[in-house]
Amino acid sequence: MGIIERIKEIEAEMARTQKNKATEYHLGQLKAKIAKLRTQLLEPPKGSSGGGEGFEVTKYGHGRVALIGFPSVGKSTLLTMLTGTQSEAASYEFTTLTCIPGIIHYNDTKIQLLDLPGIIEGASEGKGRGRQVIAVSKSSDLVLMVLDASKSEGHRQILTRELEAVGLRLNKRPPQIYFKKKKTGGISFNSTLPLTHVDEKLCYQILHEYKIHNAEVLFREDATVDDLIDVIEGNRKYMKCVYVYNKIDVVGIDDVDKLARQPNSVVISCNLKLNLDRLLSRMWEEMGLVRVYTKPQGQQPDFSDPVVLSADRGGCTVEDFCNHIHRSLVKDVKYVLVWGTSARHYPQHCGLGHVLNDEDVVQIVKKKEKEEGGRGRFKSHTTGPARISDREKKAPLKT
């Protein structure tokens, strides 16, 4: 029996099992088994030379956004509208067969937009090159899930389920669970608050399913069984996602209003070019890019070419800003002067731990180089050895 058949068999067993207090331990074990099998499904087969044929796209710009959706929902048209890159669009499905990149120039930054082939139900099992599509989306900073406003809401659930099956968690933060394997000592289970979804016995059973018998587990929030399994697996990717409803020109105004009021949703029309500016501004908000301008000493700030930082790519502190310019700059910094919304007064003297905001101006003041030695008899160093015992003894005088 293959891995996919075993997963379907366990899912069928979960579907016919009643959910109550008596069966929650059994369901927890079944969830752990499915998570293990799905991890095995993502691993390359043994004896293979490489990971298989994928979409090779070089990272470019200050951020990367992936377009994911069913075939013929308007992904290629949206890429052409936003970037100017011509991506083939037609009235039949699977027009795009490979990954097509484009560049959005927005607020003095360059954002790479990837048009991926449409994914179908069963993509997490490898149908329709689904694994390659999802692998590229894992490397992006933001996912734009393009949906057809005229179709049913079930498409959104199907796509979310396919992405979660391969370890992508959309619009979620990592669970506050501390987990560490140990060599000896058994399983130590603690929590800082009352737990309603997981107890000690269920945690022991899930860990034994993974053949872990010595570990330390600390719950800092009321997490679920799925959160605990995600922490044990350790290969989950937590990403931001914006749901983009295209083709709003073919539905009524009441439906458009209902879709627009859903969380993390934007409604657009590529055909009539409606609301594309709102989509760009929402992308900018979700990516959290921070533009920092440099100011040389005694000169005006350079507003033409900002240094772009983000919390997902390194951080937004002064130290990250210095490392972005040059790695050796941090040890030469005496202090920095900051103008902008992150400063309490202009200019503010800051250290390396200061967090920068968007459109701040930074001037770096370096340490002065000490002059080596002095002049004449005031020299601070000699060519001789430092210790007396190391000096060469002169030959005794001949008498």
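Data block above holds the structure.
Described below are features of the structure shown in this document.

Definitions and limits used
- Residues numbered from 1 in each chain as written.
- Predicted model: local features only at pLDDT ≥ 70, side-chain atom pairs only at ≥ 80, totals over all residues.
- Heavy atoms only, no water.
- Salt bridge = Lys/Arg side-chain N within 4 Å of Asp/Glu carboxyl O.
- Buried < 20%, exposed > 50% of the residue type's maximum accessible area, 1.4 Å probe, protein only.
- Helix = DSSP H or I, 4+ residues; strand = E, 2+ residues; numbered from the N terminus.
- Lys, Arg positive; Asp, Glu negative; His and termini not counted.
- Polar contact = N/O pair within 3.5 Å; in protein donor to acceptor, adjacent residues only side chain to side chain.
- Contact = heavy atoms within 4.5 Å.
- Pairing = 2+ DSSP bridges.
- Axes fitted to C-alpha atoms, helices over the stretch in contact; angles between N-to-C directions.
- Core = buried A, V, L, I, M, F, W, Y, C linked by side-chain atoms within 4.5 Å.
- Expected span 1.5 Å × (residues − 1).
- Arc of directions from axis to C-beta.

1. Some remarks on the pattern of salt bridges
(1) Moving on: For the coordinates displayed, the defined rule picks out 13 salt bridges.
(2) Moving on: The closest approach of N and O atoms between E164 and K172, which form a salt bridge, is 3.3 Å.
(3) Moving on: The exposure class of E164 is partly exposed, given its relative accessible area of 28%.
(4) Moving on: Where R236 meets D230, a salt bridge forms, and the shortest distance between an N and an O atom there is 2.9 Å. We note that R236, like D230, is buried.
(5) Moving on: Through salt bridges with shared partners, a single network forms among D148, K151 and K247.

2. Regarding the side chain of D360
(1) Moving on: With respect to the helices, strands and loops of the structure, D360 is situated in strand β15 (residues 360-366).
(2) Moving on: One buried charged side chain, D360, makes no salt bridge at all; its nearest oppositely charged neighbour is R291, positioned 10 Å away.
(3) Moving on: Among the polar contacts made by the side chain of D360, one reaches the main-chain amide nitrogen of T341 at a distance of 3.3 Å.
(4) Moving on: Side-chain polar atoms of D360 contact the side chain of S342, separated by 2.4 Å.
(5) Moving on: Apart from the residues within four sequence positions on either side, D360 is in contact with R291, V292, Y293, V338, W339, G340, T341 and S342.

3. Topic: the sheet that holds strand β14 (residues 348-350)
(1) Moving on: Pairing in this open sheet of five strands is mixed, and the strands run β12-β11-β15-β13-β14 from one edge to the other. Both edges of this open sheet fall to β12 (302-310) and β14, since each of them pairs with a single strand only. Strand-to-strand twist in this sheet, taken as the mean axis angle between neighbours without regard to direction, amounts to 40 degrees.
(2) Moving on: Judged from the three bridges that link them, strand β13 (residues 333-339) and β14 form a sheet pairing that is antiparallel. Across the sheet, V338 pairs through a bridge with Q348, a residue of β14.
(3) Moving on: Its contacts with the sheet place helix α10 (residues 318-325) against β11 (289-294), β12, β13 and β15, and it is angled at close to 115 degrees to β12.

4. Observations regarding the side chain of S137
(1) Moving on: Structurally, S137 is set in helix α4 (residues 130-138).
(2) Moving on: When residues no more than four places from it in sequence are discounted, the contact partners of S137 are A66, I68, L116, V143, L168 and M239.

5. Focus on the sheet that holds strand β7 (residues 187-191)
(1) Moving on: Read from one edge to the other, the open sheet built from three strands follows the order β6-β8-β7, with strand pairing classed as mixed. The strands lining the two open edges of the sheet, one partner per strand, are β6 (177-181) and β7. Neighbour-to-neighbour, the strand axes of this sheet turn through a mean angle of 5 degrees, independent of strand direction.
(2) Moving on: As defined by bridge partners, β7 adjoins strand β8 (residues 215-219) across five bridges and the pair is classed as parallel. In the sheet register, S191 faces β8, and the bridge partner there is F219.
(3) Moving on: Sheet contacts for helix α6 (residues 200-209): β6, β7 and β8; angle to β7, the most-contacted strand, approximately 140 degrees.
(4) Moving on: Its contacts with the sheet put helix α7 (residues 225-233) on β6 and β8, and the angle it makes with β6 is roughly 40 degrees.

6. Some thoughts on unusual backbone geometry
(1) Moving on: Looking along the chain, the bond that leaves Y346 and enters P347 is cis, with omega of -20 degrees.
(2) Moving on: You can see P347 is positioned in the loop between β13 and β14.
(3) Moving on: Notably, N275 is not glycine yet its phi reads approximately 65 degrees, a positive angle.
(4) Moving on: Assignment of secondary structure puts N275 in the loop between β10 (265-267) and α9 (276-287).
(5) Moving on: Relative accessible area serves as the criterion here: at 31%, N275 is assigned to the partly exposed category.

7. With respect to the nonpolar core
(1) Moving on: Judged by nonpolar contacts, the single largest core of 53 residues is most densely connected at L78 and L144.
(2) Moving on: Apart from residues lying up to four places away in sequence, L144 is in contact with V65, A66, L67, I68, L113, V242, V244, L279 and M283.
(3) Moving on: Judged by nonpolar contacts, the second largest core, of 23 residues, contains F219, V225, L228 and I232.

8. Some thoughts on helix α1 (residues 3-16)
(1) Moving on: Along its 14 residues, α1 runs 20 Å from first to last C-alpha, staying within 8% of the 20 Å computed at 1.5 Å per residue.
(2) Moving on: For α1, every residue scored as buried is listed here: I7, I10 and M14. Along α1, the residues classed as buried sweep out an arc of 65 degrees about the axis, all on the same side. Exposed residues pointing more than 90 degrees away from the buried face of α1 are listed as A15 and R16.

9. Quick notes on the pairing of strand β9 (residues 237-246)
Two faces, one strand: in a regular strand the side chains alternate between the faces of the sheet.
(1) Moving on: The element β9 is largely enclosed, with a buried count of seven among its 10 residues.
(2) Moving on: The pairing of strand β4 (residues 142-148) with β9 spans seven bridges and is parallel. Residue pairing in the sheet places L144 in a bridge with V242 of β9.
(3) Moving on: Pairing of strand β5 (residues 168-170) with β9 involves three bridges; the strand directions are parallel. Looking across to β9, one finds that R169 is bridged to Y238.
(4) Moving on: Note: β9 against β10, three bridges, orientation parallel. Bridge pairing in β10 places V244 opposite V266.

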